[in-house]
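If you want the building blocks of each chain, they are given just below.
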Amino acid sequence: MASTGGVARARIEKAGVVGAGVMGSGIAEVLAAAGIHVMIVDDAPGKSAAAVQQIASRQRARAAAGKISADAAEERLARIEPVEALDRLAGVDLVVEAIIERIEPKRQLVEALEKIVGPDAIIATNTSSLSVTAIASAAKRPQRVAGYHFFNPVPVMKLVEVIPGAHTAPEVEHALVELASRFGHHPVVAADTPGFIVNHAGRAFGTEALAMLREGVASIGEIDAILRDAAGFKMGPFELMDLTGLDVSHPVMESVYTQFYHDPRYRPSVIAAQRVAAGLLGRKTGRGFYAYEANRQVAPPEPASKAEVAGLPDCVAVLADNDAGDMQKLVASTGAALCGAQDDNALEQAGLILVGLEGGDAAGAAIRLGLPPSLCVGFDPYFGLDRHVTLVASSATSENATSAALALVKGAGRKATLVNDSCGAVCQRVVAMIVNIGSEIVEQKIASAADVDAAVRLGLGYPHGPLEWGNRLGPARILRILDTVHDRTRDPRYRASLWLRRRAELGLSLED
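It should be emphasised that the depicted structure is a prediction, and the values quoted were computed from it without experimental measurement. (Residues numbered from 1 in each chain as written. Predicted model: local features only at pLDDT ≥ 70, side-chain atom pairs only at ≥ 80, totals over all residues. Heavy atoms only, no water.)

The N-to-C vectors of helix H11 (residues 246-259) and helix H12 (residues 270-277) enclose an angle of 140°; their axes lie 10 Å apart at closest approach. It follows from the interaxial angle that H11 and H12 lie oblique. Considering the relative orientation of H11 and H12, their crossing is left-handed. Contact residues: Leu246, Asp247 and His250 in H11; Ala272, Ala273, Arg275 and Val276 in H12. Residue composition of the contact of H11 with H12, grouped by class: four nonpolar, one polar and two charged. (Axes fitted to C-alpha atoms, helices over the stretch in contact; angles between N-to-C directions. Helix = DSSP H or I, 4+ residues; strand = E, 2+ residues; numbered from the N terminus. Parallel < 35°, antiparallel > 145°, perpendicular 65-115°, else oblique. Left-handed = near helix turned anticlockwise from the far one by under 90°. Contact = heavy atoms within 4.5 Å. Nonpolar A, V, L, I, M, F, W, Y, C, P; charged D, E, K, R; others polar.)

To continue, consider the state of the cysteines. A full pass over the atoms with the stated rule returns one disulfide. Here Cys315 pairs with Cys339 through a disulfide, and the sulfurs are 1.3 Å apart. Note that Cys315 is positioned in the loop between strand S12 (296-298) and strand S13 (316-320) and Cys339 in the loop between helix H13 (325-333) and helix H14 (344-349), a separation of 24 residues in sequence. We note that Cys315, like Cys339, is buried. No disulfide involves Cys423; its nearest neighbouring cysteine sulfur is the one of Cys427, lying 15 Å away. (Disulfide = S-S within 2.5 Å. Buried < 20%, exposed > 50% of the residue type's maximum accessible area, 1.4 Å probe, protein only.)

It is worth spelling out the pairing of strand S15 (residues 376-379) at this point. The alternating pattern of S15 places Cys376 and Gly378 and Val377 and Phe379 on opposite faces, both of which are buried. Bridge count between strand S14 (residues 352-356) and S15: four bridges; the pairing is parallel. Across the sheet, residue Leu354 finds its bridge partner in S15, namely Val377. As for the winding sense of the linkage, the β-α-β connection from S14 through helix H15 (residues 362-369) to S15 is right-handed. (Pairing = 2+ DSSP bridges. Right-handed = clockwise from strand over helix to strand, strands pointing away.)

Our focus in this paragraph is the nonpolar core. Counting 92 residues, the largest nonpolar core has Leu227, Phe238, Phe289, Ile353 and Phe383 as its most contacted members. For this core, the element with the most residues is helix H17 (residues 427-443), which contributes ten residues. Not counting the four nearest positions on each side in its chain, Phe383 is found in contact with Ala230, Ala231, His388, Cys427, Gln428, Val431, Trp469 and Leu473. Counting residues in hydrophobic clusters, the runner-up holds 37 residues, among them Ala15, Leu77, Ile122 and Val160. (Core = buried A, V, L, I, M, F, W, Y, C linked by side-chain atoms within 4.5 Å.)

Turning to the environment of Ile135, a few remarks are in order. Structurally, the position occupied by Ile135 is in helix H5 (residues 132-136). For Ile135, a relative accessible area of 0% gives the class buried. Taking the C-alpha atoms as reference, Ile135 lies 42 Å from Arg477; in sequence the two are 342 residues apart. Ignoring anything within four residues of it in the chain, the contact list for Ile135 reads Ile103, Lys106, Arg107, Val110, Thr125, Thr127 and Leu130.

Let us look at the sheet that holds strand S16 (residues 388-393). The strand order across the open sheet built from five strands is S13-S14-S15-S16-S17, with neighbouring strands paired in mixed fashion. Taken across any chain shown, the strands that pair with only one partner, and hence form the sheet edges, are S13 and strand S17 (415-420). For this sheet, the mean angle separating the axes of adjacent strands, direction not counted, is 30°. Inspection of the sheet shows S16 paired to S17 by six bridges, in the parallel sense.

We now examine the packing of helix H20 (residues 475-489) against helix H21 (residues 498-506). Here H20 crosses H21 at 130°, and the two axes come no closer than 8 Å. With respect to H21, the element H20 is oriented oblique. The two elements H20 and H21 meet at a crossing, and its hand is left-handed. Contact with H20, carried on its side by Pro475, Ala476, Ile478, Leu479, Leu482 and Asp483, involves Leu500, Arg501 and Ala504 of H21 and no other residues of that element. Across the contact of H20 with H21, the residue classes break down as seven nonpolar, no polar and two charged.

What follows deals with the sheet that holds strand S3 (residues 14-18). The strand order across the open sheet formed by eight strands is S5-S4-S3-S6-S7-S8-S9-S10, and the pairing between neighbours is mixed. Single-partner strands in this sheet number two, and they are strand S5 (80-83) and strand S10 (186-189). Neighbouring strand axes in the sheet, compared pairwise and without regard to direction, differ in orientation by 25° on average. Sheet topology places strand S4 (residues 37-41) next to S5; four bridges connect them, and they run parallel. Note that in S5 the partner of Val38 across the bridge is Ile80. Contacting S4 and S5, helix H2 (residues 47-64) runs over the sheet at an angle of about 160° to S5. Running over the sheet, helix H18 (residues 449-460) touches strand S9 (159-164) and S10 and is turned about 130° from S10.

With twelve residues, helix H1 (residues 22-33) extends 17 Å from end C-alpha to end C-alpha; this agrees with the ideal 16 Å at 1.5 Å per step. Of all the twelve residues making up H1, nine are buried; the element is thus mostly covered by neighbouring parts of the structure. Listing the buried residues of H1 in full gives Gly24, Ser25, Gly26, Ile27, Ala28, Glu29, Val30, Leu31 and Ala32. One or two residues past the end of H1 sits Gly35, with phi positive at roughly 90°. (Expected span 1.5 Å × (residues − 1).)

A few words on the pattern of salt bridges. Following the criterion strictly, the structure yields 25 salt bridges and no others. Arg144 serves as the salt-bridge partner of Glu114, at 3.5 Å between the closest nitrogen and oxygen. Of this pair, Glu114 sits in helix H4 (residues 103-114) while Arg144 sits in the loop between H5 and strand S8 (145-150), placing them 30 residues apart in sequence. The residues Glu114 and Arg144 share a single accessibility class, namely buried. A salt bridge links Glu468 to Arg457; the nearest nitrogen and oxygen atoms lie 3.3 Å apart. Pair noted here: Glu468 is in helix H19 (residues 466-473) and Arg457 is in helix H18, with a separation of eleven residues, a long-range link. We classify Arg457 as partly exposed; its relative accessible area is 37%. Through salt bridges with shared partners, a single ionic network connects Arg11, Glu13, Glu178 and Arg182. (Salt bridge = Lys/Arg side-chain N within 4 Å of Asp/Glu carboxyl O.)

Looking now at the packing of aromatic side chains. Enumeration according to the criterion identifies nine aromatic pairs in this entry. Taking 5.4 Å as the distance between ring centres and 50° as the angle between the ring planes, the aromatic pair formed by Phe233 and Trp469 counts as tilted. Residue Phe233 is located in the loop between helix H9 (220-229) and helix H10 (237-244), and its partner Trp469 is located in helix H19; the two are separated by 236 residues in the primary sequence. Of the aromatic side chains, those joined through ring pairs into one cluster are Phe205, Phe233, Tyr462 and Trp469. (Phe/Tyr/Trp six-rings, centres within 6.5 Å; stacked < 30°, edge-to-face > 60°.)

Structure, rendered in structure tokens:
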């Protein structure tokens, strides 16, 4: 392998993987699929051989399903060799460490590897949250060390974060990017900062859901259902935390929060901490935010339904700061009469006033617009009017008004969830925070807008990347939502990124 100053430049043909757990075996599998000879080593006797057997089972199952040919599967397996000692890695071009996620063992491994591998070899760490620069500080030539963060399961999750440390040579970064393309993953380049891209950008989804739960906005199942049905997430945040395991996701929340010196945007929740202490970790323990039997979620009991009024109000008013047309059409489709929203006399006759919220809450909207609070029910005009409508009741909203609103929406053939007063309902505050944190990542030059969007779509499975989502809703609208929530709550968690503010004010795209 040709080099300059002891740093790899040429094509990687031989690799070693240290750590034969789920991540290490997955990394070995994709490297072998790219035509690379891979040696896998683990300090537990027999673990490397067992990992190769697991890989063989997966590859042969794929061949049996017709996804690859039997010959291709056997060729890949022939390129994976279990070894029992680190010194067998002497001739490799690349070593990927996938050991325990603690900094001292990783630093010790890097120090040991430098005594074994050649001067041109790249040493890559699969750390998900530790500083690459700190790990590389154990090396005599830290320019050869970089982060190479895969996602589980590695053969399925087609994303890898390439993280240059403070001393990483450009040639090393380029070699890892090129290699990722060879084994069919999408490489994104991230600066060496807490959480890199994915674990940084993903902070809003779970933490905001936990904040809503703590505020009593809605139940666990209701929050999950709204975010799935109205915003388009594949899983609700509580379902996702149960799948990942709260013993994994909560420490990441705490780590990112601590590493960013307690920035309120990343504030974890006492709810998660208490549940970890109680051992309510999710699927792995049979109980988390949901209960599980045989690893399948047990449907929670249906909440007591609100009593619905007999018939609809004689007149329904619809008000919104922006376009109220979609909700007016929904009301009209039920046969209910629409009151003139600008006619004070008509409003006095209304039996229900539906108010579109943009970052605000139902109580604040009623006071600001001079409306009778008992008749006012807020709604989210931007998420779910065609699928799952989020209705918002203040403490003063009457039971007649809430039951009428539920009956109205259900009469139009839509799902509906009534939540307690919340700034930005449910979807607005979650999505606006996702866009805001994505904007911060770009502002801090941690990654490009394109890489942030790609990493979030591929690594987190969100329906849109943060900047893409911000453009779809409109940067100015996202800014208004954040400013309204911030002004109403006085919580610095919701302060808008200055990069986002400037681009919204200038009418610029968030993806350029």
